[in-house]
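Observations on the three-dimensional arrangement
Now for the letters of each chain:
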Amino acid sequence: MLKTITLYIILMTASLHAAFAQTQTIRGTVKDADSHYHMVGVTVVVVGSDPILGAVTDIDGQFAIQKVPVGRVDLKFSFVGYKDAYLNQQLLEIGKELVLHVALEEDITTMDEVVISADQTEDVINNEAAVASVRTFDVEETRRYAGSRNDIARMASNYAGVSNADDSRNDIVIRGNSPVSLLWRLDGVDIPSPNHYNTLGSTGGPVSILNNNNLANSDFITSAFPASYGNTVSGVFDLELKKGNGFTREYTGQIGFNGFELGAEGPFSKKSTNSFMVNYRYSTLGVFKALGVDFGTGTAVPQYQDLTFSLDFNTEKAGSFKFFGIGGISTIHFEPVEEKDGQGNLYSTEDLENSAKIGVTGLKHTYYFNPNNYLTTTLAASYQYSNVVIDSLQNNPVNEQIDDFHGNQAQTKYSFISKWVSKINAKNKFELGVNLNYYTIDYHDSVYFTNTNSWFRATDVIGGTLLSQAYGQYQWKLNEKLRMVGGVHFQNLELTQQSVIEPRFGMLYQATPSTNISLGYGLHSQIQPLVVNYFEFRDHPESDNTDIEFTKSHHFSAGIDQLFGENFHFKVEGYYQHLFEVPIESISSSYSILNSGSSFGFEVKPNMVNEGFGKNYGVELTLEKYFSRNYYFLLTTSLFESKYQGSDGVWRNTAFNNKYIVNLLGGSEFHLGKSGVLTTDVKLTFSGGRFHTPIDLNASIASGEVVYVDSEAFSLQYDPYFRTDFKIGYRMNMKRVSQEFLIDFQNVFNRENIFEEYYNPQTETIDKRYQLGLFIIPQYRILF
């Protein structure tokens, strides 16, 4: 009966909305793919429209097509001497204009030999120097996949070679590398972890600050990065905030797991196309907790809020300016929870409060000397702060709170980034750039010793250092089929006085109109999180890690991508990564910094040395049908090994060596009337369990705290991980408003996937913690 009533309401709503004129405007800009200069006279056509709907770009490279029927649309962009480009299955909604920014590639053949080919949106990379192990994604893709929570990091875990370390966090593990090795970049600026509840040294967190409603098309690179990227050995998230609509004021409202949010964009005035985009979000988890939803924090309720903005200005003679930023604050309080020990006695452990802040802001200037040469310069600053207060109740007969630990860490970074890009001709292009980052740090923490009833200052550090980077890069298109990119990246860390020179190379060969072959190589280096270099040890006052240098890595990758028809493609890619000069302990042990990020803490050892090794190798398979004919699917399979060697000389599994990961995703749309669409998406994930170190139970009982069997580090493997997610939604267009309702069922079958084994000192047993169980996330979105 309930299903019948629901279906009746949906159909009645759809029929009422059908009475309204369902059209909207498509607008945007077209630029040259190499010089990024706007193109005049490009023809833009809505494919299949009758009568034909289209436009021609003006002197600023802008176009607008009005009164386009809402729904899925295909667009064709063409200009004499350039390859045609197709944007297929773009979603046009009544509540928001579709704004596109398209790049056309100049054809390098002579005029009488021009060969026109169709390029899918999914194949167009923002940074065309990235020719291997790269994928671009758009805003709709970040919302499409079940289980992603509108989080781009969780979305990326569906790609081949990528996984999440923990259901409750969005840390990205790429090809067995530590998530600490990931580089986040926003509008050309290297930024700290863009997540709430982040800690210094981490790159993930429970909730992302990045709002997918505010992002433009962005790149995700997993190996052999171009010379423009540095200070990473695993992967790059190269993100860009979108430019606000310069012609129409538009608003977005959304309520879901990530929070209550309201966004606005549009021109500053009717006389100018200078635009703004701003979005504010406040946590809704208090509401979810009241409804009985368990998201893995016990009785604690996370509280957070964040802000994203971008202001864009164009001038006639001084170039363009972009002022942008993101920021967030978060707090959580874990109150003591009474539990029973092995004898049935009640006990409480500790009271913990955590707060974190992060902010990034920048001013970017772009100036064209002529259509083929431009200079961008950016000044930016970022701030990251974490504070922890722990009050212990353990082994306290009166069960009163006693201060146990106070700690805060603050890190500020000031950045200067500039690059010169010159398109010599259709075949040749070069790029030079510098990236200077000055860090200031302020680390303080204190530990209370009950035996002396006194506080001990464990860490008290104020300092700073400069990381200097520079690069040169040359791109050569030998012919229509072969493109090669070579470059050199330079890095110097003032603290250690170490410099590294890193060669890079990439090649893309179009063997047939539907077959691409890619090769990539790069030497990559990364400084340690500064908490490693500046950490002080109360038990080892003579210890010093300030001389710990770069971790280095050779990347090799080769792949073949086969397109079947217009919408299917199959990709195979193999890779090998050799890591060296990895920080390990100076005494014999299994420790390696390559395992950092496998838990919430960040373990640092005294007197570390750059003498460790690691290796990752494997093969990745991707079978994908791009969205067309109302459905899509994505199947990714990763078979890999991830090993490391500590100071004891033994090669072991890393904490991230799952050995295999399989993702199967699919979804479809069903049209209900002329204005309603029912959407369904499903995701299945199957992977090997994580490797872990056995606990010595007898030694743990004797010492009162956990003791691991170091000689058997990462020798045991948890059971395989399996999870099914399902999402259902309804999207409808009204007269001037678009609305969307959806429910995301994560871990539908409530499978108990083990997270870790731990020692319980009260029961003197080894217990288990599990990943998230069934997790239901409703969401409502409105565009107007």
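Residues numbered from 1 in each chain as written. Predicted model: local features only at pLDDT ≥ 70, side-chain atom pairs only at ≥ 80, totals over all residues. Heavy atoms only, no water.

1. A few points about the overall build of the protein
Looking only at helices and strands, the protein features six helices and 45 strands. Partitioning the contacts of the protein with sequence separation of at least 6, the portion at a separation of at least 24 is 65%. (Helix = DSSP H or I, 4+ residues; strand = E, 2+ residues; numbered from the N terminus. Contact = heavy atoms within 4.5 Å.)

2. Points about the pairing of strand β37 (residues 660-672)
The pairing of strand β35 (residues 631-645) with β37 spans nine bridges and is classified as antiparallel. Its bridge partner lying in β37, leucine 639 is registered against tyrosine 660. Relative to strand β38 (residues 676-687), β37 is paired through 12 bridges, and the arrangement is antiparallel. Within β38, the residue paired with glycine 666 across the bridge is valine 682. Between the end of β37 and the start of β38, which pair antiparallel, lie three residues, with glycine 673 showing a positive phi angle near 75°. (Pairing = 2+ DSSP bridges.)

3. Some words on the sheet that holds strand β6 (residues 85-92)
Overall, antiparallel pairing links the four strands, which are arranged β3-β2-β5-β6 in an open sheet. The sheet is open, and its two borders are formed by β3 (54-56) and β6, each paired with just one other strand. Between one strand axis and the next, the sheet turns by 20° as a mean value, whatever way the strands run. Across six bridges, the pairing between strand β5 (residues 71-78) and β6 is antiparallel. Each residue of the ladder has a partner; that of phenylalanine 77, found in β6, is alanine 85. (Axes fitted to C-alpha atoms, helices over the stretch in contact; angles between N-to-C directions.)

4. Looking at the pattern of salt bridges
Tallied over the entire structure, the rule returns 36 salt bridges. The shortest N-O distance in the salt bridge between glutamate 669 and arginine 72 comes to 2.5 Å. Of this pair, glutamate 669 sits in strand β37 while arginine 72 is found in strand β5, placing the two residues 597 residues apart along the sequence. When its relative accessible area of 7% is taken as the criterion, glutamate 669 is described as buried. Here the residues in one salt-bridge network are Asp34, Lys83, Glu105, Lys477, Glu480 and Arg483, joined through shared partners. (Salt bridge = Lys/Arg side-chain N within 4 Å of Asp/Glu carboxyl O. Buried < 20%, exposed > 50% of the residue type's maximum accessible area, 1.4 Å probe, protein only.)

5. Details of empty space enclosed by the protein
Tallying each qualifying case throughout the model produces 11 cavities of 30 Å³ or more. A volume near 510 Å³ is recorded for the largest cavity. At the level of secondary structure, the elements contributing two or more residues to the lining of the largest cavity comprise β11 (182-186), β12 (189-191), β25 (373-392), β26 (402-423), β27 (428-449), β28 (454-477) and α5 (530-533). Partitioning the lining of the largest cavity into residue classes produces 14 nonpolar, 13 polar and two charged. Volume-wise, the second largest cavity comes out at about 260 Å³. Lining the second largest cavity are 23 residues, with Glu140, Arg144, Thr679, Arg731 and Glu740 sitting closest to its centre. Elements with a minimum of two residues in the lining of the second largest cavity: α2 (139-144), β37, β38, β41 (721-733), β42 (738-746) and β45 (775-783). Considered class by class, the residues forming the lining of the second largest cavity number five nonpolar, seven polar and 11 charged. (1 Å grid on protein atoms, 1.4 Å probe; cavity = no way out; pocket = protein on both sides within 12 Å on 5 of 7 lines; lining within 4 Å. Points joined across faces, edges and corners; volume = space filled by probe spheres on them. Nonpolar A, V, L, I, M, F, W, Y, C, P; charged D, E, K, R; others polar.)

6. Re the side chain of asparagine 753
Looking at the element boundaries, asparagine 753 is found in the loop between β42 and β43 (754-760). Judged by its relative accessible area of 2%, asparagine 753 falls in the buried class. Here arginine 751 takes part through its side chain, which lies 2.9 Å from a polar atom of the side chain of asparagine 753. In contact with asparagine 753, other than residues within four places in its own chain, are Pro720, Tyr721, Phe722, Arg723, Tyr770 and Gln771. (Polar contact = N/O pair within 3.5 Å; in protein donor to acceptor, adjacent residues only side chain to side chain.)

7. Quick look at the pairing of strand β29 (residues 482-493)
The pairing of β29 with strand β30 (residues 498-512) spans 12 bridges and is antiparallel. Pairing of methionine 484 across the sheet is with methionine 507, part of β30. The turn joining β29 and β30, which pair antiparallel and follow one another in sequence, is formed by four residues; a positive phi near 60° is taken by glutamine 497.

8. Topic: the environment of isoleucine 593
Structurally, isoleucine 593 is set in the loop between β33 (568-584) and β34 (609-628). Under the relative-accessibility criterion, isoleucine 593 is labelled buried at 8%. Between the C-alpha atoms of isoleucine 593 and serine 178, which are 415 residues apart in sequence, the distance is 8.4 Å. Apart from residues no more than four positions distant in its own chain, isoleucine 593 is found in contact with Gln528, Val532, Val582, Pro583 and Phe602.

9. Details of the sheet that holds strand β4 (residues 62-69)
The three strands are arranged β4-β1-β7 in an open sheet whose pairing can be described as mixed. Each having just a single partner strand, β4 and β7 (98-104) make up the two edges of the open sheet. Put simply, the sheet's adjacent strands are angled 25° from each other on average, direction ignored. The pairing of strand β1 (residues 23-32) with β7 spans seven bridges and is classified as parallel. When the sheet's bridge partners are listed, isoleucine 26 is paired in β7 with leucine 98.

10. Thoughts on the nonpolar core
Within the largest apolar cluster, 33 residues are counted, with the highest numbers of intra-cluster contacts made by Phe137, Ile152, Ile172, Trp184, Phe220, Phe237 and Leu239. Take this core: its biggest share by element is four residues, from helix α3 (residues 152-156). Setting aside its immediate chain neighbours within four residues, isoleucine 172 contacts Ala153, Ala156, Val162, Ser163, Asn164, Pro179, Leu182, Phe220 and Phe237. Among the nonpolar cores identified, the runner-up in size contains 31 residues, and Leu493, Leu530, Val582 and Tyr644 belong to it. (Core = buried A, V, L, I, M, F, W, Y, C linked by side-chain atoms within 4.5 Å.)

11. Topic: a nonpolar patch on the surface
Together, Leu664, Val682, Leu684, Phe726, Ile728, Ile743, Val748, Phe749, Leu774 and Ile776 line one region of the surface with nonpolar side chains, adding up to about 750 Å² of accessible area. Contributing elements (two or more residues each) for the nonpolar patch: β38 and β41. Among the residues examined, isoleucine 728 registers a relative accessible area of 31% and is labelled partly exposed. (Patch = residues over 30% accessible without salt bridge, like charges linked within 9 Å, V, L, I, M, F, W, Y side chains within 5 Å. Areas by Shrake-Rupley, 256 points an atom, 1.4 Å probe, with all protein chains shown as cover.)

12. Considerations on the confidence of the model for the protein
Summarising the model, the protein shows a mean pLDDT of 88, and 89% of its residues fall at 70 or more. Confidence over residues 1-19 falls short of pLDDT 50; this stretch has 14 contacts with residues more than four positions distant or in other chains. Considering only residues more than four positions removed or in separate chains, one finds that residues 110-122, a stretch of pLDDT under 50, has 26 contacts. (pLDDT = per-residue confidence, 0-100.)

13. So, the packing of aromatic side chains
One pass over the full model with this rule turns up 23 aromatic pairs. Here phenylalanine 63 and phenylalanine 77 contribute two aromatic rings whose centre-to-centre distance is 5.8 Å and whose plane-to-plane angle is 75°, an arrangement assigned as edge-to-face. Within this pair, whereas phenylalanine 63 is found in strand β4, its partner phenylalanine 77 is found in strand β5, the two being separated by 14 residues in sequence. Each ring, one from phenylalanine 137 and one from phenylalanine 237, has its centre 6.0 Å from the other, and the planes form 85°; the classification is edge-to-face. (Phe/Tyr/Trp six-rings, centres within 6.5 Å; stacked < 30°, edge-to-face > 60°.)

14. Digging into unusual backbone geometry
Of note, the amide linkage connecting aspartate 50 to proline 51 takes the cis form, showing an omega dihedral of 0°. Structurally, proline 51 is set in the loop between β2 (43-46) and β3. One non-glycine residue, asparagine 630, adopts positive backbone phi at about 70°. Along the chain, asparagine 630 turns up in the loop between β34 and β35. For asparagine 630, a relative accessible area of 28% gives the class partly exposed. At glutamate 764, a residue that is not glycine, the phi angle is positive and equals roughly 55°. Among the structural elements, glutamate 764 can be located in the loop between β43 and β44 (765-770).

15. Overview of the environment of leucine 91
Locating leucine 91 in the fold gives a position in strand β6. Sequence spacing of leucine 91 and glutamate 140 is 49 residues, and the spatial spacing of their C-alpha atoms is 8.2 Å. The residues contacting leucine 91, other than those within four sequence positions of it, are Gly71, Arg72, Leu98, Glu140 and Arg731.

16. Description of the side chain of glutamine 528
With respect to the helices, strands and loops of the structure, glutamine 528 is situated in the loop between β31 (515-526) and α5. A distance of 2.8 Å separates the side chain of glutamine 528 from the side chain of threonine 551, its partner in a polar contact. Excluding anything up to four places from it in sequence, glutamine 528 contacts Asn533, Ile548, Glu549, Phe550, Thr551, Pro583, Ile593 and Asn610.

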